[in-house]
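Notes for the structure review
Here's the letter readout for the chains.
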Amino acid sequence: MKRAIPVLVLSIAGLVPVWLYEPSLGTVAESATPASTPSASSSAASGSGSTVVKGSTVQTDKGPVQVQVTFAGTRITAVKMLQQPNHPQTTAAVPKLVAETLEAQSADIDTVSGATITSDGYRESLQAAIDANAESASSAASPSASASAESAAQTVDGSTVNTDKGPVQVQVTFEGDKIASVKMLQQPNHPQTTAAVPKLVAETLEAQSADIDTVSGATITSDGYKESLQAAIDAKG
């Protein structure tokens with residue numbers, strides 16, 4: 001009878017670790033539950049104070065439309081199509097929509113003739129990206145961001161380049177050393193020039209220099225544009 005008591009005590013002691021281990025199992029099960037993620041457009045810092053924001057995916061009768069917008073503060077510096085209908089009218093419309101966006105700095109832009117559905121989807125996705133960036137900026141305001149916003153922009157006119165098609169001259173707006181926008185002051189009155197300018201401007205904003213490709217079919221305009229642009233950059237110093 002005396003030997004039975006130690007055996008019983010040891011048996012009870014052996015069960016204690018089992019009782020203590022059960023709550024830890026419950027803790028593991030709770031941490032395995034996936035956290036909910038926002039359904040809004042995602043944004044990520046891309047260095048040099050720039051922010052890349054994906055707009056909402058807009059389902060249209062021609063297919064999904066989604067844009068990705070690069071911001072420097074609140075300024076739109078680039079727009080990239082992540083999804084677009086596989087249609088010739090869409091392909092032709094996108095450069096015009098992007099160029100108008102960079103000039104207007106908003107989603108308040110005109111519909112491209114012959115591409116109404118794509119234009120509407122583009123503006124909706126773009127506005128979603130703008131709203132997401134504004135919300136992010138307001139919630140993460142910092143002294144450095146305020147100082148950047150207060151810095152004055154500088155506008156510089158490039159030289160007038162006389163080409164065989166007519167004069168070419170650009171006007172460049174700088175924010176610090178960054179090219180924020182490019183405007184044509186003079187350009188040849190030619191369909192190929194009209195089609196080439198948005199591409200030249202978009203490439204300039206991406207490259208942040210005059211080292212950009214010549215647009216096929218608009219070599220003369222491209223050369224004049226790059227020469228005038230380089231003059232403006234040199235004048236800025």
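Here the structure is a predicted model, which means the values were calculated and not measured. (Residues numbered from 1 in each chain as written. Predicted model: local features only at pLDDT ≥ 70, side-chain atom pairs only at ≥ 80, totals over all residues. Heavy atoms only, no water.)

The next point concerns the pairing of strand 2 (residues 50–54). Within strand 2, four of the five residues are buried, which leaves the element mostly enclosed by the surrounding structure. Where strand 2 meets strand 4 (residues 63–72), five bridges bridge the pair, whose relative direction is antiparallel. Within strand 4, the residue paired with T51 across the bridge is F71. (Buried < 20%, exposed > 50% of the residue type's maximum accessible area, 1.4 Å probe, protein only. Helix = DSSP H or I, 4+ residues; strand = E, 2+ residues; numbered from the N terminus. Pairing = 2+ DSSP bridges.)

Before going further, it helps to examine the nonpolar core. The biggest cluster of nonpolar side chains holds 42 residues, and the ones touching the most others in it are V69, Y122 and Y225. Those elements that place two or more of their residues in this core are strand 4, strand 5 (75–83), helix 2 (88–104), helix 3 (116–139), strand 8 (166–175), strand 9 (178–186), helix 5 (191–207) and helix 6 (219–236). Beyond its immediate stretch of four places on either side in the chain, V69 contacts T51, V52, V53, I76, A78, V79, L126 and A129. (Core = buried A, V, L, I, M, F, W, Y, C linked by side-chain atoms within 4.5 Å. Contact = heavy atoms within 4.5 Å.)

Moving on, we come to the packing of helix 5 against helix 6. Axis separation between helix 5 and helix 6 bottoms out at 10 Å; the angle between their running directions is 40°. Viewed along their axes, helix 5 and helix 6 adopt a mutual orientation that is oblique. Where helix 5 crosses over helix 6, the two elements pack in a sense that is right-handed. For the pair formed by helix 5 and helix 6, the contact residues are T193, L200, V201 and T204 on the first element and T221, S222, Y225 and L229 on the second. Of the residues contributing to the contact of helix 5 with helix 6, the split by class is four nonpolar, four polar and no charged. (Axes fitted to C-alpha atoms, helices over the stretch in contact; angles between N-to-C directions. Parallel < 35°, antiparallel > 145°, perpendicular 65-115°, else oblique. Left-handed = near helix turned anticlockwise from the far one by under 90°. Nonpolar A, V, L, I, M, F, W, Y, C, P; charged D, E, K, R; others polar.)

Before going further, it helps to spend a moment on helix 3. Over its 24 residues, helix 3 extends 35 Å from the first C-alpha to the last, a length consistent with the 34 Å expected when each residue adds 1.5 Å. If you follow the buried residues of helix 3, they end up packed against strand 2, strand 3 (58–60), strand 4, strand 5 and helix 2. (Expected span 1.5 Å × (residues − 1).)

To continue, consider the pattern of salt bridges. Within the structure shown, the criterion is met by three salt bridges. Two residues, E175 and R75, come together in a salt bridge whose shortest N-O distance is 3.0 Å. Taken together, the residues span a long stretch of sequence, with E175 in strand 8 and R75 in strand 5 at a distance of 100 residues. Its salt-bridge partner being D120, residue R123 comes within 2.5 Å of it at the nearest N-O pair. On the criterion of helical spacing, the pair formed by R123 and D120 is a turn pair, its members being three residues apart in helix 3. Given a relative accessible area of 19%, R123 falls into the buried group. (Salt bridge = Lys/Arg side-chain N within 4 Å of Asp/Glu carboxyl O.)

The next thing to look at is the side chain of S228. Tracing the chain through its elements places S228 in helix 6. Given a relative accessible area of 0%, S228 falls into the buried group. When near neighbours in sequence (up to four residues on either side) are disregarded, S228 contacts G158, S159, V161, V168, Q169 and V170.

Time to look at the confidence of the model for the chain. Mean pLDDT for the chain: 80, with 75% of residues reaching 70 or above. Ignoring residues within four places in sequence, the model shows residues 4–47, a span with pLDDT below 50, making 18 contacts including any to other chains. (pLDDT = per-residue confidence, 0-100.)

Moving on, we come to the packing of helix 2 against helix 3. Taken N-terminus to C-terminus, the directions of helix 2 and helix 3 make an angle of 40°; their axes are 10 Å apart at the nearest point. On the basis of the axis angle, helix 2 is oblique to helix 3. Considering how the two elements wind past one another, helix 2 and helix 3 form a crossing that is right-handed. Where helix 2 approaches helix 3, its residues T90, L97, V98 and T101 are matched on the opposing element by T118, S119, Y122 and L126. When the residues that make up the contact of helix 2 with helix 3 are grouped by side-chain class, the tally is four nonpolar, four polar and no charged.

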